[in-house]
Amino acid sequence: MRHYHRHMKLRAVRIRLPVLAQDALLGVFVAVMQVQGNLAKPSDVGARPLTDFGYLGFILLIASGLVLAVRRRWPVPVFIATALASLAYYTIGFSDGPGWIALFVALYTLTAYGDGRRSVAIAGVGITVLATGWLIAAADIEPRAAIGWVFFRIAASVMAAALGESVRSRRVVAAEALERARQAERTREEEARSRVGAERLRIAREVHDTVAHAIAIINVQAGVTAYLLDKRPERAREALVAIEQTSAQALHEMRAVLGVLRDSDNGRVPHPGLGQVNELTAIAREAGLDVKLDVTSSTTPLPSAVDHTVYRILQESITNVIRHVGPTRVTVALDYGTDVLEVRVTDEGGRDASGDDAVGPQPAAGTVNGSSAEPGRGIVGMRERCGLLGGELTAGPRPCGGFEVKARLPLASAGTVHQ
């Protein structure tokens, strides 16, 4: 049964005629109806036969019907043509039969396919002119009761115009509703793409911060191991342990970050924060940095977004020092204000290693020193993180040597921002 209905529907689509052919058939049908209706109706008293003036009555009835073939292409000219034919037909005094069908179809077409206010105004003016002409022509009509047909034509003309305007209004409303639905769908798609892009950017930042920090530490420790393997094997063992711990921590953070992609409930795992800053500085010290922490007391707990962002800024800044400077002194300062947190990470630049624990030049680690490291997205990523919280970040060389990263993060509205 379903196959039969589908077949019939496809067949109906295939045999559907073009609009021009449909209107041409309608015009022929209306012309035949008007002529046949007038011939079948008994002649009115005193009415002219359709054959007068060279069959002018037949010509007016047929022409007003056939002109409907182009009613949708030229609705205004078609209405004017049918209105003039109707005025001429009834003014001359031909039999008062159904010679108004074409006029009603033209009025409906004018308002249904017109442009709203203008087409309604044209229809109103046309109906007024027609009503005036019909009433003047019927001034001496006999019997007087026959004047009811004049009022019928006037009322039917108004109804045809009103019906066309109603159809046009419904079509406009439907088109606007469809456009709003399409716009809403486009908006939803754009919002979905925006959310996907923001999530991809967030994961990219997390992966970059985690991997860059771990690789920098492992690179330095690998260079230390290669340099000290024969001279001081006990220190080489310590470097290998540091590599193991750093890689394990990096793998754990990577699993936590990438686990979000597999979480069907879109759950979020806890992000590292300032609670792990001691572990971060311990790893940095093992990589050869002399890290000094300068932290003021906080009166209120940090919003989770600020806590995580500060940790990532410290991690990335320390990683950049390890990669581009090597063993040096680093000062990490956290200044808690009433509505802003200021973060500063400064280093003293490259310095010669000395003392018993110095390891000297390390060829294996040379791929991450300041002269050969390729520029990355570390500072760009830190600025993006600050921007998401409404903060700002500056980074650049210090006048007295070294490098400084400085960030200011507002605390008031950060709680609503998700990293």
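Being a predicted model, the structure only gives us computed values, none of them experimental. (Residues numbered from 1 in each chain as written. Predicted model: local features only at pLDDT ≥ 70, side-chain atom pairs only at ≥ 80, totals over all residues. Heavy atoms only, no water.)

**Regarding the overall build of the chain**
This is how it is decided: For the purposes of this entry, the term helix denotes a DSSP run of H or I that reaches at least four residues, the term strand denotes a run of E that reaches at least two, and both are numbered from the N terminus. Relative accessibility thresholds used throughout: buried, under 20% of the residue-type maximum; exposed, over 50%; partly exposed, between the two (1.4 Å probe, protein chains only). By definition in these notes, contact holds between two residues if any of their heavy atoms fall within 4.5 Å. Per-residue and other accessible areas follow the Shrake-Rupley method at a 1.4 Å probe size, with only the shown protein chains counted as cover for residues.
On a plain count of helices and strands, the chain comes out with eleven helices and five strands. Buried residues in the chain amount to 38% of all 419 residues. Considering only contacts within the chain whose residues lie at least 6 apart along the sequence, 74% involve residues at least 24 apart. For the chain, the exposed surface amounts to about 23800 Å²; the carbon and sulfur share of it is 61%.

**Side note on the pattern of salt bridges**
For clarity, the cut-off: Criterion for a salt bridge: a side-chain nitrogen of Lys or Arg within 4 Å of a carboxyl oxygen of Asp or Glu.
Overall, the coordinates contain eleven salt bridges when judged by the stated rule. For Arg 329, the salt bridge goes to Glu 348, with nearest N and O atoms at 3.6 Å. One end of the pair, Arg 329, is in strand E2 (residues 329-336); the other, Glu 348, is in the loop between strand E3 (340-347) and helix H11 (378-388), with 19 residues separating them in the sequence. What makes Arg 329 partly exposed here is its relative accessible area of 38%. Salt-bridge contacts for Arg 344 lead to Glu 342; the nearest nitrogen and oxygen are separated by 2.6 Å. Note on Arg 344: relative accessible area 27%, which makes it partly exposed. Residues joined in a network through salt bridges with shared partners are Asp 23, Arg 71 and Arg 72.

**With respect to the sheet that holds E3**
The cut-off we apply is this: Criterion used throughout: strands pair if DSSP finds at least two bridges between them. Working convention: axes come from line fits to C-alpha atoms, limited for helices to the stretch in contact. Angles between N-to-C directions cover 0 to 180 degrees.
Within the open sheet, the five strands sit side by side as E1-E2-E3-E5-E4. Their pairing is mixed. Of all the strands in the sheet, just strand E1 (290-295) and strand E4 (392-397) have a single pairing partner and so form its edges. On average, each strand axis in the sheet is tilted by 10° relative to the strand beside it, whichever way the strands run. Bridging between E4 and strand E5 (residues 403-410) involves six bridges; their strand directions are antiparallel. Following the sheet pairing, Ala 395 is matched in E5 by Val 405.

**Quick look at the environment of Val 321**
You can see Val 321 is positioned in helix H10 (residues 304-324). Residue Val 321 is classed as buried on the basis of its relative accessible area, which comes to 5%. A sequence separation of 25 residues divides Val 321 from Thr 346, and the C-alpha atoms of the two residues are 9.2 Å apart. Beyond its immediate chain neighbours, meaning those up to four positions away, Val 321 contacts Leu 289, Gly 326, Thr 328, Val 330 and Asp 347.

**A word on the side chain of Asp 23**
Within the secondary structure, Asp 23 is located in helix H2 (residues 19-40). Judged by relative accessible area, Asp 23 falls into the buried class, the value being 3%. Once you skip the residues sitting within four places of it in the chain, Asp 23 turns out to touch Leu 68, Ala 69, Arg 71 and Arg 72.

**Topic: the nonpolar core**
Nonpolar side chains tend toward joint burial in soluble globular proteins. Formally: Residues enter a nonpolar core if they are buried and are Ala, Val, Leu, Ile, Met, Phe, Trp, Tyr or Cys, with the set joined through side-chain atoms within 4.5 Å.
One finds Leu 68, Phe 79, Tyr 89, Leu 103, Leu 107 and Trp 134 to be the most contacted residues of the largest nonpolar core, which totals 37 residues. Broken down by secondary-structure element, the contributors of at least two residues to this core are H2, helix H3 (52-66), helix H4 (75-92), helix H5 (101-112), helix H6 (117-137) and helix H7 (148-228). Non-local contacts of Leu 68, meaning those with residues more than four positions away in its chain, are made with Asp 23, Gly 27, Val 30, Val 78, Ala 102, Val 105 and Ala 106.

**Some words on the environment of Val 340**
With respect to the helices and strands, the residue Val 340 is situated in strand E3. According to the relative accessible area criterion, Val 340 is buried, its value standing at 18%. Along the backbone, Val 340 and Arg 408 are 68 residues apart, and their C-alpha atoms lie at a distance of 6.6 Å. The residues contacting Val 340, other than those within four sequence positions of it, are Asp 335, Arg 408, Leu 409, Pro 410 and Leu 411.

**Points about the confidence of the model for the chain**
Stated formally: Think of pLDDT as the predictor's per-residue confidence, scored from 0 to 100.
Overall, the predicted model of the chain reaches an average pLDDT of 77, with 74% of residues at or above 70. Here helix H1 (residues 2-14) stands out as the element of the chain with the lowest mean pLDDT, 54, in contrast to H5, whose mean of 91 is the highest. Segment residues 352-375: pLDDT under 50, and 36 contacts once partners within four positions in sequence are set aside and those in other chains are kept. Contacts for the low-pLDDT stretch residues 414-419, under 50 throughout, to residues beyond four places or in other chains number 18 contacts.

**Section: H2**
Put simply, the test is: Expected span, for any helix, means 1.5 Å times one less than how many residues it has. Arc, as used here, means the arc of the directions from the helix axis to the C-beta atoms.
The end-to-end C-alpha distance of H2 is 31 Å, a good match for the 32 Å that 22 residues give at a rise of 1.5 Å each. Those residues of H2 lying buried are Asp 23, Gly 27, Val 30, Ala 31, Gln 34, Val 35 and Asn 38. One side of H2 holds all its buried residues, which, seen down the axis, span an arc of 120°. Opposite the buried face of H2, at more than 90 degrees from it, the exposed residues are Leu 25, Phe 29, Val 32, Leu 39 and Ala 40. Here the buried face of H2 lies against H3, H4 and H5.

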